[in-house]
Amino acid sequence: MDIRELQAYATLFATIILAVVLYWYIVYLYRSEKKGEKDYEKLGDIALDDEIHSKPINTSDPLPEKKERNK
Amino acid sequence: MQSNAALEYDYTVAKLFTYTTIVFGLVGMLIGTLIAAQMAFPELNYLLGEYGTFSRLRPLHTNVVIYGFMLSGIWATGYYFMQRVLKVSMAESKLAMFLGKFHFVVYLVIATGMVVSLFMGITTTKEYAQMEWPLDILVVVVWVTWGLWMFTLIGIRREKALYISVWYYIATFLGVAMLYLFNNMEVPTYFASGGVGAITHSVSMYAGTNDAMVQWWWGHNAVAFVFTVPIVGMIYYFLPKESGQAVYSYKLSLLSFWGLMFVYLWAGGHHLLWSTVPDWVQTMASIFSVILILPSWGSAINMLLTMKGEWNQLTENPIIKFLILASTFYMLSTLEGPIQAVKSVNAIAHFTDWIPGHVHDGVLGWVAFMVFSGLYHMAPRIFKREIYSKSLIEAQFWIQTTAVVLYFTSMWIAGITQGMMWRAVDEYGNLMYSFIDTVTVLHPYYAIRALAGVLFMIGLVMFAYNMIMTMAASKKLTEEPQFRSPMA
Amino acid sequence: MFHWLEKNPFFFAVGVFLVIAFAGLVTILPNFAESARPLKGLKPYTVLELAGKNVYMKDQCIACHSQLIRPFKAETDRYGQYSLSGEYAYDRPFLWGSKRTGPDLHRVGNYRTTDWHENHMWEPTSVVPGSIMPAYKHQFTNIADIATAYAEAVTVKNVFKTPYGNDIQPGVKAFEAYKPKVLAEAKKIAADMKNKDVKDAVAAGKIPEIVALIAYLNRLK
């Protein structure tokens, strides 16, 4: 198998994998919204409500923050 | 993160980049208008002696508008909205503040060096990478500084989720970093030859066909990561904020993002169709160029749908006019590009004026309009004054829209005319036209294009005037406007 | 996985980087060695030709002229044999160009002469009526930078193994020793020219830019 052939296979597989990942991501987006884990559309409000004192929009993470990174 | 009543967003750096956007816009487009006129009226080549020929000025035009006007605009808006969507002020971090200011200073040094060296003819001639090696090193410094600034701010953010615009800016940072480095690999001849000749000169690490592939991998993706990715990021912030409507579909914006990231890089080879690069590279570039329509239109349609139910704003607010027309031009040029990337169309279009035509409906109609609307939106907020004149913005909008339409229609006709004449043969199979016939025939179109340049320039001067008056003489605002920008 | 990526901007950035880099690696790398191979019998540019190439770059001829003949009948009829990858093996940088406001120049040496170029660069419309190309009269007085061209030859010889002779060596001394060879080449070109200033300059041991440029253009075949 010469480098050309190897290259062709590598391209093919990598392309397929990336395409699968992309579609998997679509499924993930809709599923996690349906299950109520996330609300992506709410993130659109980040642009609208961007005063420095307003409350952060993102509440998509149901787990409490483990460590406070804002110091 | 205690709440501090006095805490405000800090726009020092955003303001600095706003000034350079205006200055470089004026300089770059003035040169552009001049060289457009030179093609119609060659006598204009002799205004500045050796330094005023079309050939010397053309790279100056492209570099000043791309790296002066456009990048300044991208950074002015970036230093503005990044703080806001992350809900953290630059005043909260000394490091972020330092990085921002340092970024601006080094940027100004590079920009000055770029203008001077290109005037002198010190150039690598690789398109949009013309700067020689000492400036290239500074570019790396600037870019890394900007990246550090971004990640510093992200590190101390209050808003945990990164807004989609931030994603686009991160991608810009990474994409350009990688491509620029690879394309500008060069060996300074002074050091490699034991101190002979000019210190600024260098030779490319790659030769011939390889150099071409690396160059257009960069050239195309400079288009991707400077003209497209950050500009999409800008519209995702400014259109919703100015109209008060959240993005129509946030999920679609995420998908378009990944689609764009994945597909864009493959398309670079379409600048080298019918050349000596391997066939499969050419074919793949062609195919991916067509696929590229999907993620591009995904973003553009998302923007148009964001206005759903609020189309009345289009008549009431000239900034919305700019934003909507920008996304429409984005759709036009991302459809036009793939058409030109089809091999049979490319055979006619390549090397003709259709290419600059395509570039300009993108950069004038999409990029410049986005920069204008971004800065107009920011002005009342960073200068705390109302925009000086609404009617000036309206007039600017119509004049510049006319200019863009004149530009691309004349260049479409010029390009296709020339492409067809180059290949026209008579009944015996002999070429019908000598080369000069295909040049003289274009005179009227070049004249129209020069007129388009003058019109766009007039609009730009109106923009600059409006901005300066806003900074200096407009009515003060006591409270920050929430959505629609106030204007007199 | 996606949830985690959305939370970690750093790894998100790594993800973006991989996706972007992937296309580049696949398209570019594997063909590198093959595309770099010179055509059999291809000679590297002489120092004078390199100086001419640098004039070509300095005055940005590339803004309007291509050096790439595509494999169409209309192009081969007009410009000659279509371009081959191996012909460019010593071109650093490549000078294919992206716009043909003027004609292609990849084989201009086949059908234009020193004399023609001299007239054309002095006043383009004198040989091509209707031409919109500017005159480049400053090339007749500006002196070409031979030292930098020599440095370039040394660099490509030592770093990229371009096959130059043993007389191309690093250092200012070696350059001084080599200079007469460049001047001899320039004199041959100047002999076919009629501009008095140029002839005088070459006689006095200086090489105007136009001489170097014509040497380069004549070499393009």
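Rules used in this analysis
Residues numbered from 1 in each chain as written. Chains lettered and ligands numbered in written order. Predicted model: local features only at pLDDT ≥ 70, side-chain atom pairs only at ≥ 80, totals over all residues. Heavy atoms only, no water. Contact = heavy atoms within 4.5 Å. Buried area = accessible area lost by both parts, 1.4 Å probe. Salt bridge = Lys/Arg side-chain N within 4 Å of Asp/Glu carboxyl O. Domains from an automatic or database assignment. Core = buried A, V, L, I, M, F, W, Y, C linked by side-chain atoms within 4.5 Å. Buried < 20%, exposed > 50% of the residue type's maximum accessible area, 1.4 Å probe, protein only. Helix = DSSP H or I, 4+ residues; strand = E, 2+ residues; numbered from the N terminus. Axes fitted to C-alpha atoms, helices over the stretch in contact; angles between N-to-C directions. Parallel < 35°, antiparallel > 145°, perpendicular 65-115°, else oblique. Left-handed = near helix turned anticlockwise from the far one by under 90°. Nonpolar A, V, L, I, M, F, W, Y, C, P; charged D, E, K, R; others polar. 1 Å grid on protein atoms, 1.4 Å probe; cavity = no way out; pocket = protein on both sides within 12 Å on 5 of 7 lines; lining within 4 Å. Points joined across faces, edges and corners; volume = space filled by probe spheres on them. Disulfide = S-S within 2.5 Å. Phe/Tyr/Trp six-rings, centres within 6.5 Å; stacked < 30°, edge-to-face > 60°. Lys NZ or Arg CZ within 6 Å of the ring centre and 35° of its normal.

**Student:** Explain the interface of chain C and chain B to me, please; I cannot follow it from the model alone.
**Tutor:** It is common to give the size of an interface as the accessible area lost on bringing the parts into contact. Contacts between the two partners involve 84 residues from chain C, matched on the other side by 90 residues from chain B. The junction of chain C with chain B conceals about 7,300 Å² of combined surface from both sides, 70% of it contributed by carbon and sulfur atoms. Viewed at the interface, chain B and chain C are joined by three salt bridges. Two residues, C:K99 and B:D353, come together in a salt bridge whose shortest N-O distance is 3.2 Å.

**Student:** When you look at the domain arrangement of chain C in this model, what are you seeing that I'm missing?
**Tutor:** By the assigned domains, chain C splits into domain 1 (2–35) and domain 2 (47–219). Relative placement of domain 1 of chain C and domain 2 of chain C: their C-alpha centres are 40 Å apart.

**Student:** It is not clear to me how the nonpolar core should be interpreted in this structure. Could you clarify?
**Tutor:** Within soluble globular proteins, side chains that are nonpolar generally end up buried alongside one another. Grouped together as the largest cluster of nonpolar side chains are 189 residues, with contacts concentrated most on B:W75, B:W149, B:F225, B:F257 and B:W366. Excluding residues within four positions of it along the chain, B:W366 makes contact with B:F227, B:T228, B:I231, B:V232, B:I235, B:A326, B:S327, B:F329, B:Y330 and B:D361.

**Student:** Would you mind going over unusual backbone geometry with me for this structure?
**Tutor:** Working note: non-glycine residues mostly have negative phi, and peptide bonds are mostly trans. A cis amide bond, omega -5°, links C:R92 with the succeeding residue C:P93. Tracing the backbone shows C:P93 in the loop between α5 (73–79) and α6 (114–122). Positioned with a positive phi, B:Y128 is a non-glycine residue whose angle comes to about 60°. Relative to the helices and strands, B:Y128 is located in the loop between α3 (94–120) and α4 (133–155).

**Student:** What is the right way to look at the packing of helix α5 (residues 164–183) of chain B against helix α7 (residues 208–243) of chain B in this model?
**Tutor:** A pair of packed helices is characterised by two quantities: the angle between their axes and the separation of those axes. Residues and elements named next belong to chain B. Here α5 crosses α7 at 165°, and the two axes come no closer than 9 Å. Our classification of the angle between α5 and α7 gives roughly antiparallel. Considering how the two elements wind past one another, α5 and α7 form a crossing that is left-handed. Grouping the constituent residues of the contact of α5 with α7 by class yields 20 nonpolar, seven polar and no charged.

**Student:** I would appreciate a short explanation of the layout of surface pockets in the present structure.
**Tutor:** Unoccupied space between atoms shows up once a probe the size of one water molecule is rolled over them. Considered as a void within the structure, the largest pocket measures approximately 730 Å³ in volume. Lining the largest pocket are 36 residues, and of these C:H65, C:G102, C:P103, C:H120 and C:M133 sit closest to its centre. Looking at the lining of the largest pocket, the elements with two or more residues in it are α1 (12–40), α2 (54–86) and α16 (435–440) of chain B together with α5, α6 and α11 (209–219) of chain C. Take the lining of the largest pocket: its biggest share by element is four residues, from α6(C). Of the residues that constitute the lining of the largest pocket, the class distribution is 22 nonpolar, 11 polar and three charged.

**Student:** Hey, could you run me through empty space enclosed by the protein in this one?
**Tutor:** Residues and elements named next belong to chain B. Inspection of every chain in the model, using the stated rule, returns 10 cavities of 30 Å³ or more. Considering only enclosed or pocket space, the second largest cavity measures out at about 190 Å³ in volume. Lining the second largest cavity are 15 residues, with Y67, L71, M131, V139 and W143 positioned closest to its centre. Examining the composition of the lining of the second largest cavity, we find that four residues originate from one element, α3, more than from any other.

**Student:** Would you mind showing me how to read the side chain of C:E49 here?
**Tutor:** Residues and elements named next belong to chain C. Note that E49 resides in helix α4 (residues 47–58). Judged by relative accessible area, which is 11%, E49 ranks as buried. If near-sequence neighbours (up to four positions away) are discounted, E49 is found in contact with E185, A215, Y216 and R219.

**Student:** How should I be thinking about the state of the cysteines in this particular structure?
**Tutor:** By definition, a disulfide links the sulfur atoms of two cysteines through a covalent bond. Residue and element names in this part refer to chain C. One pass over the full model with this rule turns up zero disulfides over all chains. Here C61 is not disulfide-linked; the sulfur of C64 is the nearest cysteine sulfur, at 9.0 Å. Relative accessible area serves as the criterion here: at 14%, C61 is assigned to the buried category. When its relative accessible area of 15% is taken as the criterion, C64 is described as buried.

**Student:** Whenever I open this one, the packing of aromatic side chains confuses me. Can you help?
**Tutor:** Each aromatic ring pair is summarised here by two numbers: the centre-to-centre distance and the angle between the ring planes. All chains considered together, the criterion is met by 59 aromatic pairs over all chains. With a centroid separation of 6.3 Å and 90° between ring planes, the pair formed by B:F81 and B:F238 is classed as edge-to-face. Of this pair, B:F81 sits in helix α2 while B:F238 is found in helix α7, placing the two residues 157 residues apart along the sequence. The class for B:F81 is buried, based on a relative accessible area of 0%. Each ring, one from B:F329 and one from B:F369, has its centre 6.5 Å from the other, and the planes form 85°; the classification is edge-to-face. Here B:F369 lies in helix α14 (residues 354–382) and B:F329 lies in helix α12 (residues 318–341), a separation of 40 residues in the sequence. Taken individually, B:F329 and B:F369 each receive the classification buried, so the pair is uniform in this respect. Its end group placed over the ring of C:F160, C:R92 keeps NZ or CZ at 3.7 Å from the ring centre.

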